[in-house]
Amino acid sequence: MSIEPGAVLLMQWLSPAYPVGAFAYSHGLEAACTTGQVTDGTGLADWLGDLLLYGSGRSDPIILSAAYRAADDVALSEVDMQARAFAPSRERLAESLNQGRAFCQTTSGVWGDTLPVLTYPSAIGRAARLHGLSLELTAHMFVHAFVSNLVAAGQRLLPVGQLQGQQILTDLGPLIREAAQNAYETDLAALAGASFASDIASMTHETQYSRIFRS
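Rules behind the numbers
- Residues numbered from 1 in each chain as written.
- Predicted model: local features only at pLDDT ≥ 70, side-chain atom pairs only at ≥ 80, totals over all residues.
- Heavy atoms only, no water.
- UniProt positions renumbered as here; feature names shortened; annotations may be inferred.
- Buried < 20%, exposed > 50% of the residue type's maximum accessible area, 1.4 Å probe, protein only.
- Helix = DSSP H or I, 4+ residues; strand = E, 2+ residues; numbered from the N terminus.
- Arc of directions from axis to C-beta.
- Contact = heavy atoms within 4.5 Å.
- Axes fitted to C-alpha atoms, helices over the stretch in contact; angles between N-to-C directions.
- Left-handed = near helix turned anticlockwise from the far one by under 90°.
- Nonpolar A, V, L, I, M, F, W, Y, C, P; charged D, E, K, R; others polar.

- Going by an unreviewed UniProt entry, the protein chain carries the name Urease accessory protein UreF and comes from Phaeobacter gallaeciensis.
- Turning to the protein chain, the UniProt annotation filed under Function (unreviewed entry) states: "Required for maturation of urease via the functional incorporation of the urease nickel metallocenter."
- You can read under Sequence similarities (unreviewed entry) in the UniProt record for the protein chain the words "Belongs to the UreF family."

**Details of helix 11 (residues 196–206)**
Link 1 in the chain: Regarding helix 11, the residues found buried are Ser-198, Asp-199, Ala-201, Ser-202 and His-205. For helix 11, the angular spread of buried residues about the axis comes to 160°, placing them on one side.
Link 2 in the chain: Tucked into the core, helix 11 has its buried residues touching helix 2 (29–34), helix 3 (41–54) and helix 6 (90–111).

**Looking at the packing of helix 4 (residues 56–69) against helix 8 (residues 135–157)**
Relative placement of two packed helices is described by the angle separating their axes and the distance separating the axes.
Link 1 in the chain: It is at 10 Å that the axes of helix 4 and helix 8 come closest, and there the two elements cross at 150°. Here the hand of the crossing between helix 4 and helix 8 comes out right-handed. From helix 4, Ser-56, Gly-57, Asp-60, Pro-61, Leu-64, Ser-65, Tyr-68 and Arg-69 reach across to helix 8, where they touch Leu-135, Thr-138, Phe-142, Val-143 and Phe-146.
Link 2 in the chain: Class assignment of the residues belonging to the contact of helix 4 with helix 8 gives a composition of seven nonpolar, four polar and two charged.

Okay, here's the thing in structure tokens:
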């Protein structure tokens, strides 16, 4: 049985070992835990489900898809400017830019790609296009990695063990697939978000005195 080469490349790009510092970001989850909005595994699952339905778990794959489909550097720049403008807080913008910069530098260094400094979803979309990877597969694996990283963050912040963490990730599978499919079928004109609790949490985290995550 053969494995699609593109799937292997995506596994490398989106693995915890890829040096984008994903482990350093909680995407506002730390603030939500500190203020008591999320206190256990059930709350974590609900929080992540909302992100997939109404927040960055749905909007970032749309940005990725638009960057993938960008016909030239001008179109790519326009997509990336919208991605930056769509960030709801300074920390969330820094998160996307820092991860995007690290991804572009590493990917360019290893594969010789020419990648400008882009937000993280724009960078993934552009790199996938350059390497001829499937957009549908890229979007799905990107969303899965996003949720997986936040489950790991929740395990550091909450009384959530490894078994429960994997159960949460499994239960969110249908929403992960839906968010990825939505991105594959949608253009940038449909970019929207209504995950206000997460957005406010990311703003609260900017001034939080004691913290272990950068966002």
